[in-house]
Amino acid sequence: MSGPNTEYDPVEVTPLQAEQVAEARDAAIAAIEAAADLEALKQVRLEHAGDRSPLALANREIGALPPQARKEAGQRVGQARGAINQAIAARQAVLEAEHEERMLVEETVDVTLPTDRRRRGGRHPITLQSELIADIFVAMGWEIAEGPVVEAEWLNFDALNLGPDHPARTMQDTFWTEPADRHVVLRTQTSPVQARTMLTRTPPIYVACPGRVFRTDEYDATHSPMFHQVEGLVVDEGITMAHLKGSLDHLAAQLFGEGIDTRFRPSYFPFTEPSAEVDVRCFVCRGVDADADACRTCRGEGWIEWGGCGVVNPRVLVACGVDPERYSGFAFGMGIDRSFMFRHNLEDLRPLFEGDVRFSAAFGTEI
Amino acid sequence: MKAPKSWILEYVDVPDGTTTDELTARLTLTGLKLEAIESAGADISGPLVVGRVLTMEPEPQKNGKTINWCTVDVGDANGTGEPQGIVCGAHNFEPGDLVVTVLPGGVLPGGFEISARKTYGHVSAGMICSARELNLGEDHDGIIVLPEGAGEPGQDARGVLGLDEEVIEFEVNPDRAYALSLRGIAREVAVSVAGASGFADPALRDTPAADDAGYPVRVEDPSGCPVFVARTVSGFDPSAPTPDFIAQRLTASGMRPISLAVDVTNYVMLETGRPIHGYDADKLQGPIVVRRATDGEQLTTLDGTRRTMSVEDLVVTDDSGPIGLGGVMGGESTEISETTTRVLVESAHWDAVSMFRTGRRHKITSEAGKRNERGVDPTICEAAADRVVELLTTYGGATVEPGVTVVGAPPAQPRVSMATDLPARVSGLPIDTDTVVAHLEAVGCGVTVDGATLTATPPPWRPDVTDPHDLVEEVVRLVGYDTIPSVLPPAPGGRGLTRPQQLRRRIGRTLAGAGWVEVVDFPFVGEGDLDALGLEADDPRRTVLRLSNPLSHEAPAMTTTLLPALLRTAGRNVGLGAGSVALFETATVTLPRATEGAPILPVDRRPTDAELDSLLEALPEQPLHLGLVAAGEADPSGWWGEGRPVEWSDAVEAVRQVADALGLELTTRPAALAPWHPGRCAELLLGGTSVGHAGELHPRVCTTFGLPARSVAAEVDLDVLIEHAVHLRQAPTFSTFPAAKEDVALVVDESVAAADVEAALREGAGELLESIRLFDVYRSEQLGEGRKSLAFALRFRAPDRTLTDEDTTSAREAAVALAAERTGASQRA
């Protein structure tokens, strides 16, 4: 606004009288209060606070008043317009709150409706069990070693002190590939991975080898031509059977629960000497009440046959290029499927290999 | 190995009150594992008593049979003391005989319950038992007549019959072959059970000295047959019965009694562990010669099988030719029969490896072979033969012929040396030298100690003890495996899972998160499976690695593709009522290579790198594959509306999600490959490398596998994806200037691939293009037959300024121009 317009020829303007301003204000506030909804309030705002509203028009004329009157009129009109705007804002807030409340009620849904719009996936429980076991070893600082399932006969047998005429070869019914003189088999154990590890790395070696193995067993509730094994191998200086026991006790406790340990019984495996069968303490009855009918899991024995183990036979170390004078080692192996079966109360192993989605899906993505 | 407890305790004393459980628990802890404890009478319950027949009246029946109406004194066992009236169909007894009677309330093997019942006009209150009814033998010709004095009427018959005998079955490991005998088991009891004493070795006996008067024997292969002992008896009564104790012990040990001569050889084998063979000496022609067979030589063995032998087989021969497969099975021509009166007893030691090979070559498993191939004490041939002779003379009325033939001598025992502290170092237990020596001597070793070195001579029944660690096991098992402490080994800092191991887990989680369910199938495949996929005759997936000994002739090879098993599994799920399935599997497949085969390398040293390479190169390729199959709905129907059926793109997208999880982007191009629909199959590429295929299955394949129409599948090589997975992702930078969007609709021939149009647009648009997305495919009459409109949303952005209209227009025009040039696209008005 520049200075007063001296060339303006003042004319009589009436609405600036106090009564008229108050009247316009009261009419506006009454209309605002009467507005029933936001749409009505919008209309009221146009009429009473818009550019063509009486007070807006009056406001334009203030400039035409003599300087003394201008201030007074300005104050009067300004206050009235302020009051109207305040009333509109207040009414707006009330109406908006009402509107929102109504909308929220109208938008109510039945939240008990099913929500399964996406398929649920799942990983195979044996995969999960293998990973769980691998994680236990990795947490101990071990590494996970792997090898092929179609394997050289030498690695599956000879390197492990199972010569061609070793009686133990008949204990494992081997799938041979054609032609037989190519000396290629389906590995009967994950032990060739141990041989591969010793042949390609230098001690200290701390590895676990989970994987698929094959035997010519007819398929039934407790036998399968393909199953899963995990073996462990440690080769280092000063390794003893006590370390073997410690590692298996740790695995048992991690897999089956605190306080679950293992028991050794003398046994025979060509690749270890001394050798032992490993039993794991029954994690259901804990062997406390060794009564034949008491526990379905261990059949009252208190212990469950778990696997085999022993001190790596020095002959195996020699064949795999490890100095038996400097290093000693231990190895062990157990069935992953079997461990899964008693850990999860599965009596027939066939569901593991029949791909019924209801089976895998039951285990989701973690076990 | 089954062993009656009383038989074991014939050779060793255990403290009074030692229970069978205590005995077997201890043996199990020292290495002779309990398999089962059986008791012969376990399936008989209720009153089974000794009875004395008082009267028997034969009563002919209308059916031609004659039954005997008997009264039997069963003492007070029937509660009254009165004689028991029983009908009996057997006739091999007479009044005054002692018999075995089961009274009402008793249960015989097979759940056969006895009650008083009316039969042949009498109430028969019980039954007089035969051996077969009690599972004691096959003899059903008559009832059991007990020897006078065997028991008193009314007395429990179980003790009299040996039915209270406990039979212990042991699992015998290959290194404890000596425990395949009562001699070995009793020795093991003596060594390992606390307080056991008085071990009496049944093979320790005075035997007559060898001389030249015995049956002539020549051994041409002393390494194959180091010792051959022959003894002869004559005047043997072939009808002499086998004494009860031998028959019962054989039966309890799982062998069938046959005839006295055969039973005696088996009995002595169980007793001493030494397999014995008996010949009908009258059928022998000339001297016995032991040699290797000539190629093609033939022999009919005891089991009636005509066998053609190899030069590696050891044969026993006479002038007629081969008369036995040495150490494995005798021949038919000299077999002992019901007319045999002269028996030649062979007690020979055989080379274990040769036994193993012969047994395997001829597929013979025999009790003799089982022992001979595991290793038998070579020093007891004479004792065992002498024991057989003793039993044949005692129970068969035979007379020993003069002459003792002994050819060869037991090989010397190898000596094994070790550091005296080796057992301690291996076990982690503080085992001192005295303990080491004491335990080694306990198991039969001769031991000398020289400073820190110990030398042991293992006993002749332990051919398995050859290495220092074998001695360690003997010491540690007797110290007790249960005393080994539990100590975690000090592993060095590990490197965790390898990158491929982590990525495989990530792939599994990605797919499970996207709604796919993992399955595990067998990797076996057959011609029929590959036919079912519709593979062409020259499809490389038909080149399979075959198994020599498959379980099923339908699936005799290792599979080259995961799809047959996966489709079958999906079909089975659909058959079981699953409306929708989405399965995945990750497994290796086997792709054969033409190779010479894998060498058998030496084991007395590390193979050279070149030898190892030749071994590894002989193996087939075994890439890790991912297989997927989905059928039914991709998104289910529900209250929200219709579901969405699976379509080809779901299979492609699943693979793309896997690639994305590895930081990789795959491109696609049309392909025609079984088992996919030839018009709906995408080849997936990583850069220029094909990684697999995905799309809709061929309708015929869906039908064959019982899958709904429009099922989809994919198979890709995960090794390639994992190998190229992005390891270290770089942080992105973003432009903060505004983006400009332009849509273009391009009309092309149906045959033009959208990916090609998109690639041309992308290239033509240049650097300013931020993203491009195909958002609509449209066909109409207006466009004309065989034409389609592809609508793309292009987004442009510059790193350093706000784009002008001119910038975006010219970029868009350049993009459209290149698409027009490359694909014949025209912009839709």
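Given the structure is predicted, the values throughout are model-derived calculations rather than measurements. (Residues numbered from 1 in each chain as written. Chains lettered and ligands numbered in written order. Predicted model: local features only at pLDDT ≥ 70, side-chain atom pairs only at ≥ 80, totals over all residues. Heavy atoms only, no water.)

Colleague: Sorry if this is basic, but what is going on with the overall build of chain A here?
Modeller: Each helix and strand counted, chain A has 11 helices and nine strands in total. Computed over C-alpha atoms, the radius of gyration of chain A comes to 44 Å, more than 25% over the 21 Å expected from 2.2 N^0.38 for 367 residues, which places it beyond the range of a compact globule. With the principal axes as the frame, chain A shows a C-alpha extent of 130 × 50 × 45 Å. Considering only intrachain contacts with a sequence separation of at least 6, the fraction spanning at least 24 residues in chain A is 67%. In the structure as shown, chain A presents an accessible area of about 17,000 Å², 50% of it carried by carbon and sulfur atoms. Averaging the locations of the 36 positively and 57 negatively charged side chains of chain A gives two centres separated by 3 Å. (Helix = DSSP H or I, 4+ residues; strand = E, 2+ residues; numbered from the N terminus. Rg over C-alpha atoms; globule rule 2.2 N^0.38 Å. Contact = heavy atoms within 4.5 Å. Areas by Shrake-Rupley, 256 points an atom, 1.4 Å probe, with all protein chains shown as cover. Lys, Arg positive; Asp, Glu negative; His and termini not counted. Charge placed at Lys NZ, Arg CZ, Asp CG, Glu CD.)

Colleague: Even after reading the chapter, I still don't get the overall build of chain B, so can you show me in this structure?
Modeller: Regarding its fold elements, chain B presents 21 helices and 44 strands. Taking 2.2 N^0.38 as the reference for a compact globule, 829 residues should give roughly 28 Å; the C-alpha atoms of chain B span a radius of gyration of 41 Å, well beyond that estimate. Seen through its C-alpha atoms, chain B measures out along the principal axes to roughly 125 × 85 × 60 Å. Counting across all 829 residues of chain B, residues that qualify as buried make up 51%. Counting only contacts in chain B whose residues sit at least 6 apart along the sequence, the fraction spanning at least 24 positions is 70%. (Buried < 20%, exposed > 50% of the residue type's maximum accessible area, 1.4 Å probe, protein only.)

Colleague: Help me understand the side chain of Glu153(A), please; the structure alone is not making it clear to me.
Modeller: Inspection of the secondary structure assignment puts Glu153(A) in helix α6 (residues 153-156). Given a relative accessible area of 8%, Glu153(A) falls into the buried group. A distance of 2.6 Å separates a polar atom in the side chain of Glu153(A) from a polar atom in the side chain of His183(A). If we skip the residues at most four places from it in the chain, Glu153(A) touches Asp158(A), Arg169(A), Trp176(A), His183(A), Val184(A), Val185(A) and Ile600(B). (Polar contact = N/O pair within 3.5 Å; in protein donor to acceptor, adjacent residues only side chain to side chain.)

Colleague: Would you explain the sheet that holds strand β7 (residues 272-281) of chain A in this entry?
Modeller: Sheet strands line up and pair through hydrogen bonds in the backbone, either parallel or antiparallel. Residue and element names in this part refer to chain A. Spatial strand order, β1-β4-β5-β9-β8-β7-β6: seven strands in an open sheet with mixed pairing. In this open sheet, the two edge strands, each paired with only one partner strand, are β1 (143-144) and β6 (262-269). Relative to strand β9 (residues 328-335), strand β5 (residues 226-236) runs antiparallel, the two sharing eight bridges. Along β9, the bridge assignment pairs Asp236 with Ser328. (Pairing = 2+ DSSP bridges.)

Colleague: I'm lost on the pattern of salt bridges in this one. Help?
Modeller: Any two side chains of opposite charge can pair, so long as their charged atoms come close to each other. All names here are of chain B. Evaluation of the coordinates by the stated rule reveals 71 salt bridges over all chains. Between Arg249 and Glu10 there is a salt bridge; the shortest N-O distance is 2.5 Å. Residue Arg249 is found in helix α5 (residues 244-252), and its partner Glu10 is found in the loop between α1 (5-8) and α2 (20-29); the two are separated by 239 residues along the sequence. Residue classification places Arg249 among the buried positions, given a relative accessible area of 13%. Notably, a salt bridge pairs Asp377 with Arg183, separated by 2.9 Å at the nearest N-O pair. Separated by 194 residues along the polypeptide, Asp377 in the loop between α8 (367-374) and α9 (381-396) and Arg183 in helix α4 (residues 182-192) bring together distant segments of the chain. This pair shows no difference in class: Asp377 is buried, exactly as Arg183 is. Each of Arg176, Glu188, Arg462, Asp464, Glu473, Glu474 and Arg477 takes part in salt bridges that share partners, so that together they form one network. (Salt bridge = Lys/Arg side-chain N within 4 Å of Asp/Glu carboxyl O.)

Colleague: Would you explain the domain arrangement of chain A in this entry?
Modeller: A common measure of how large an interface is: the accessible area buried when the components associate. In terms of domain boundaries, chain A breaks down into domain 1 (18-106) and domain 2 (125-361). Between domain 1 of chain A and domain 2 of chain A, the C-alpha centre-to-centre distance is 87 Å. (Domains from an automatic or database assignment.)

Colleague: So what exactly am I meant to see when it comes to helix α6 (residues 260-272) of chain B here?
Modeller: Working note: α-helix, 3.6 residues per turn, so residues spaced by three or four point in the same direction. Residues and elements named next belong to chain B. With 13 residues, α6 should reach 18 Å at 1.5 Å per residue; the first-to-last C-alpha distance of 18 Å fits that figure. Among the 13 residues in α6, 12 count as buried, and that is most of the element. Listed in full, the buried residues belonging to α6 are Leu260, Ala261, Asp263, Val264, Thr265, Asn266, Tyr267, Val268, Met269, Leu270, Glu271 and Thr272. Next to the buried residues of α6 lie α1, α4, α5, β16 (277-280), α8 and α9. One or two residues past the end of α6 sits Gly273, with phi positive at roughly 90 degrees. (Expected span 1.5 Å × (residues − 1).)

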